[in-house]
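# Breakdown of the fold
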Amino acid sequence: MTSRVPADQSRDPGDDDSEKRVAARLGELRRARGLTLTTLAEWTGISAAHLSRMEKGERQPSIGSLFQLARAYGVSLGELVGDERPHEHHVVRGSTAPVHEGPDGPYAMMAGLGPRSALEAVRLELTADTPGRTAVHAGEEWLYVVRGQVVARVGAKEIVLATGDALHFDAEARHSLWSRGGPATVVIVSVAPPPVRPPHGTGPA
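Residues numbered from 1 in each chain as written. Predicted model: local features only at pLDDT ≥ 70, side-chain atom pairs only at ≥ 80, totals over all residues. Heavy atoms only, no water.

Attention now goes to the environment of A41. Along the polypeptide, A41 turns up in helix α2 (residues 37-44). Taking C-alpha positions, A41 is 9.8 Å from L69, a pair spaced 28 residues apart along the chain. Those residues in contact with A41 that sit more than four places away from it in its chain are I46, S47, A48 and L51. (Helix = DSSP H or I, 4+ residues; strand = E, 2+ residues; numbered from the N terminus. Contact = heavy atoms within 4.5 Å.)

Looking now at the packing of aromatic side chains. Inspection of the entire model under this criterion finds one aromatic pair. Ring centres of W142 and Y144 lie 5.9 Å apart, and the angle between their planes is 10 degrees; this geometry places the pair in the stacked category. The exposure class of W142 is partly exposed, given its relative accessible area of 37%. Residue class for Y144 comes out partly exposed when judged on its relative accessible area of 32%. (Phe/Tyr/Trp six-rings, centres within 6.5 Å; stacked < 30°, edge-to-face > 60°. Buried < 20%, exposed > 50% of the residue type's maximum accessible area, 1.4 Å probe, protein only.)

Here we take up the environment of A166. Note that A166 resides in strand β6 (residues 166-170). In sequence terms A166 and V187 are 21 residues apart; their C-alpha atoms lie 9.5 Å from each other.

Burial of β6 is one-sided: the residues L167 and F169 facing one way are buried, the residues A166, H168 and D170 facing the other way are not. Summarising the sheet, strand β3 (residues 140-147) and β6 pair through five bridges and their orientation is antiparallel. The residue of β6 that forms the bridge with E140 is D170. (Pairing = 2+ DSSP bridges.)

Mean pLDDT over the chain works out to 80, with 80% of the residues at or above the 70 mark. In the model, residues 1-11 has pLDDT below 50 throughout and makes 42 contacts with residues more than four positions away in sequence or in other chains. (pLDDT = per-residue confidence, 0-100.)

Turning our attention to the nonpolar core. Counting 38 residues, the largest nonpolar core has L69, L80 and V186 as the members making the most contacts within it. With seven residues, the top contributor of residues to this core is helix α4 (residues 63-73). Aside from chain neighbours lying at most four places away, what touches L69 is L26, L40, T44, I46, L51, M54 and L80. (Core = buried A, V, L, I, M, F, W, Y, C linked by side-chain atoms within 4.5 Å.)

Moving on to the sheet that holds strand β2 (residues 119-126). One open sheet holds the five strands; their spatial order is β1-β2-β8-β3-β6, and the pairing between them is antiparallel. Single-partner strands in this sheet number two, and they are β1 (107-109) and β6. Between one strand axis and the next, the sheet turns through 20 degrees on average, direction left out of account. The pairing of β1 with β2 spans three bridges and is classified as antiparallel. From the neighbouring strand, M109 faces β2, where its bridge partner is V122. (Axes fitted to C-alpha atoms, helices over the stretch in contact; angles between N-to-C directions.)

Structure below.
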(Lines give C-alpha, C1' and ligand atoms only; values in the text may rest on other atoms or scores of the structure.)
Protein backbone atom coordinates (compact mmCIF):
# COMPACT_ATOMS: atom_id res chain seq x y z
CA MET A 1 0.00 0.00 0.00
CA THR A 2 1.52 3.21 -0.97
CA SER A 3 1.44 6.98 -1.14
CA ARG A 4 4.13 9.50 -1.79
CA VAL A 5 5.66 11.58 0.94
CA PRO A 6 6.97 15.12 0.45
CA ALA A 7 10.49 15.90 1.60
CA ASP A 8 10.63 16.30 5.37
CA GLN A 9 12.83 19.14 6.46
CA SER A 10 12.88 17.93 10.10
CA ARG A 11 14.33 14.47 9.54
CA ASP A 12 16.16 12.84 12.40
CA PRO A 13 19.77 12.10 11.34
CA GLY A 14 19.24 8.60 12.71
CA ASP A 15 16.72 7.97 9.93
CA ASP A 16 19.55 7.76 7.40
CA ASP A 17 21.28 5.00 9.38
CA SER A 18 18.01 3.08 9.63
CA GLU A 19 17.43 3.36 5.88
CA LYS A 20 20.99 2.21 5.14
CA ARG A 21 20.46 -0.83 7.37
CA VAL A 22 17.26 -1.75 5.53
CA ALA A 23 19.00 -1.37 2.14
CA ALA A 24 21.94 -3.51 3.26
CA ARG A 25 19.57 -6.14 4.65
CA LEU A 26 17.68 -6.42 1.35
CA GLY A 27 20.87 -7.10 -0.58
CA GLU A 28 22.15 -9.49 2.07
CA LEU A 29 18.99 -11.64 1.96
CA ARG A 30 18.99 -11.85 -1.82
CA ARG A 31 22.66 -12.79 -2.08
CA ALA A 32 22.35 -15.34 0.74
CA ARG A 33 19.74 -17.13 -1.36
CA GLY A 34 21.80 -17.00 -4.53
CA LEU A 35 19.15 -14.99 -6.38
CA THR A 36 19.83 -12.61 -9.23
CA LEU A 37 17.91 -9.35 -9.44
CA THR A 38 16.19 -10.70 -12.55
CA THR A 39 15.01 -13.85 -10.77
CA LEU A 40 13.75 -11.88 -7.78
CA ALA A 41 11.96 -9.44 -10.10
CA GLU A 42 10.16 -12.35 -11.78
CA TRP A 43 9.20 -13.76 -8.38
CA THR A 44 7.91 -10.51 -6.83
CA GLY A 45 6.72 -8.44 -9.76
CA ILE A 46 9.05 -5.59 -8.72
CA SER A 47 11.35 -4.48 -11.53
CA ALA A 48 15.02 -5.43 -11.32
CA ALA A 49 15.96 -1.75 -11.65
CA HIS A 50 13.76 -0.79 -8.70
CA LEU A 51 15.11 -3.69 -6.62
CA SER A 52 18.65 -2.54 -7.36
CA ARG A 53 17.84 1.03 -6.29
CA MET A 54 16.31 -0.22 -3.03
CA GLU A 55 19.41 -2.31 -2.26
CA LYS A 56 21.63 0.72 -2.93
CA GLY A 57 19.50 2.92 -0.67
CA GLU A 58 18.51 5.16 -3.57
CA ARG A 59 14.83 4.29 -3.08
CA GLN A 60 13.05 3.22 0.10
CA PRO A 61 10.73 0.20 -0.14
CA SER A 62 7.02 0.79 0.15
CA ILE A 63 4.98 -1.25 2.62
CA GLY A 64 3.61 -3.24 -0.33
CA SER A 65 7.14 -3.98 -1.59
CA LEU A 66 8.19 -5.09 1.90
CA PHE A 67 5.28 -7.54 2.05
CA GLN A 68 6.20 -8.90 -1.39
CA LEU A 69 9.88 -9.31 -0.50
CA ALA A 70 9.16 -10.90 2.89
CA ARG A 71 6.89 -13.45 1.19
CA ALA A 72 9.54 -14.20 -1.43
CA TYR A 73 12.30 -14.71 1.15
CA GLY A 74 10.10 -16.60 3.61
CA VAL A 75 10.89 -14.18 6.45
CA SER A 76 8.87 -11.81 8.62
CA LEU A 77 8.79 -8.05 8.04
CA GLY A 78 10.76 -7.49 11.24
CA GLU A 79 13.46 -9.88 10.08
CA LEU A 80 13.45 -8.24 6.66
CA VAL A 81 14.30 -4.79 8.07
CA GLY A 82 16.51 -6.08 10.89
CA ASP A 83 14.21 -5.18 13.81
CA GLU A 84 13.27 -8.65 14.96
CA ARG A 85 14.15 -10.43 18.19
CA PRO A 86 11.88 -13.50 18.01
CA HIS A 87 10.67 -15.09 21.26
CA GLU A 88 7.52 -16.85 22.42
CA HIS A 89 5.93 -13.42 22.71
CA HIS A 90 6.77 -9.98 21.33
CA VAL A 91 5.92 -6.66 23.01
CA VAL A 92 6.14 -3.38 21.10
CA ARG A 93 6.18 -0.20 23.16
CA GLY A 94 4.67 2.55 21.04
CA SER A 95 7.09 5.23 22.17
CA THR A 96 10.24 3.18 21.50
CA ALA A 97 9.33 1.12 18.40
CA PRO A 98 12.01 1.59 15.70
CA VAL A 99 10.62 3.88 13.00
CA HIS A 100 11.70 3.59 9.37
CA GLU A 101 11.15 6.05 6.54
CA GLY A 102 9.46 4.84 3.37
CA PRO A 103 7.64 6.28 0.38
CA ASP A 104 4.35 5.57 2.16
CA GLY A 105 5.47 7.55 5.23
CA PRO A 106 7.15 6.61 8.53
CA TYR A 107 6.37 3.05 9.60
CA ALA A 108 7.04 0.74 12.57
CA MET A 109 6.77 -3.03 12.87
CA MET A 110 4.19 -4.02 15.48
CA ALA A 111 4.64 -7.81 15.39
CA GLY A 112 7.69 -10.05 15.62
CA LEU A 113 7.35 -13.75 16.37
CA GLY A 114 9.58 -14.56 13.44
CA PRO A 115 9.14 -16.49 10.19
CA ARG A 116 6.99 -19.15 11.88
CA SER A 117 4.20 -16.57 12.24
CA ALA A 118 1.78 -15.95 9.36
CA LEU A 119 0.71 -12.59 10.81
CA GLU A 120 2.42 -9.25 10.24
CA ALA A 121 1.40 -5.86 11.65
CA VAL A 122 2.65 -2.41 10.70
CA ARG A 123 1.81 1.07 12.02
CA LEU A 124 1.98 3.55 9.14
CA GLU A 125 1.84 7.35 9.17
CA LEU A 126 0.35 8.53 5.88
CA THR A 127 1.09 12.12 4.86
CA ALA A 128 0.34 12.28 1.14
CA ASP A 129 -3.01 12.87 -0.55
CA THR A 130 -2.20 11.04 -3.79
CA PRO A 131 -1.76 7.30 -4.44
CA GLY A 132 1.58 5.94 -5.49
CA ARG A 133 2.75 2.41 -6.28
CA THR A 134 0.14 -0.32 -6.00
CA ALA A 135 0.81 -3.65 -4.31
CA VAL A 136 -0.21 -7.22 -5.04
CA HIS A 137 0.81 -10.16 -2.87
CA ALA A 138 -0.54 -13.41 -1.48
CA GLY A 139 -2.68 -13.45 1.64
CA GLU A 140 -5.19 -11.14 3.30
CA GLU A 141 -4.94 -7.65 4.78
CA TRP A 142 -6.88 -5.95 7.54
CA LEU A 143 -6.60 -2.18 7.84
CA TYR A 144 -7.66 -0.06 10.84
CA VAL A 145 -7.71 3.76 10.80
CA VAL A 146 -6.33 5.08 14.11
CA ARG A 147 -6.73 8.74 13.14
CA GLY A 148 -7.56 10.83 10.11
CA GLN A 149 -9.23 9.84 6.88
CA VAL A 150 -7.82 7.57 4.19
CA VAL A 151 -8.75 6.24 0.77
CA ALA A 152 -8.10 2.59 -0.03
CA ARG A 153 -8.20 1.42 -3.64
CA VAL A 154 -8.86 -2.30 -3.93
CA GLY A 155 -9.13 -3.45 -7.52
CA ALA A 156 -11.19 -0.81 -9.31
CA LYS A 157 -13.05 0.35 -6.19
CA GLU A 158 -12.10 3.31 -3.98
CA ILE A 159 -13.21 3.12 -0.35
CA VAL A 160 -13.13 6.12 2.01
CA LEU A 161 -12.34 5.25 5.64
CA ALA A 162 -12.49 7.51 8.70
CA THR A 163 -11.13 7.18 12.24
CA GLY A 164 -12.31 3.90 13.76
CA ASP A 165 -13.16 2.28 10.41
CA ALA A 166 -11.66 -1.03 9.31
CA LEU A 167 -11.26 -2.81 5.98
CA HIS A 168 -10.55 -6.50 5.28
CA PHE A 169 -9.59 -7.55 1.74
CA ASP A 170 -7.83 -10.09 -0.44
CA ALA A 171 -4.25 -8.85 -0.92
CA GLU A 172 -4.03 -10.57 -4.32
CA ALA A 173 -6.22 -7.74 -5.61
CA ARG A 174 -4.21 -4.68 -6.67
CA HIS A 175 -4.36 -2.21 -3.81
CA SER A 176 -3.05 1.15 -2.67
CA LEU A 177 -3.68 3.57 0.18
CA TRP A 178 -3.38 7.30 0.77
CA SER A 179 -4.57 9.92 3.25
CA ARG A 180 -7.28 12.48 2.55
CA GLY A 181 -7.32 16.00 3.94
CA GLY A 182 -4.21 15.68 6.10
CA PRO A 183 -2.01 13.15 7.91
CA ALA A 184 -3.48 9.83 8.99
CA THR A 185 -2.33 6.87 11.07
CA VAL A 186 -3.28 3.31 10.18
CA VAL A 187 -2.46 -0.18 11.40
CA ILE A 188 -2.11 -2.79 8.67
CA VAL A 189 -2.33 -6.47 9.56
CA SER A 190 -1.36 -8.98 6.89
CA VAL A 191 -1.89 -12.73 7.10
CA ALA A 192 0.03 -14.88 4.64
CA PRO A 193 -0.63 -18.36 3.31
CA PRO A 194 2.05 -20.97 4.09
CA PRO A 195 5.33 -19.53 2.75
CA VAL A 196 6.77 -20.85 -0.49
CA ARG A 197 10.43 -20.09 -0.90
CA PRO A 198 11.68 -19.10 -4.37
CA PRO A 199 14.04 -21.44 -6.17
CA HIS A 200 17.69 -20.56 -5.80
CA GLY A 201 18.95 -18.46 -8.68
CA THR A 202 22.04 -18.69 -10.73
CA GLY A 203 24.09 -16.58 -8.34
CA PRO A 204 24.02 -12.99 -7.14
CA ALA A 205 23.88 -10.16 -9.66
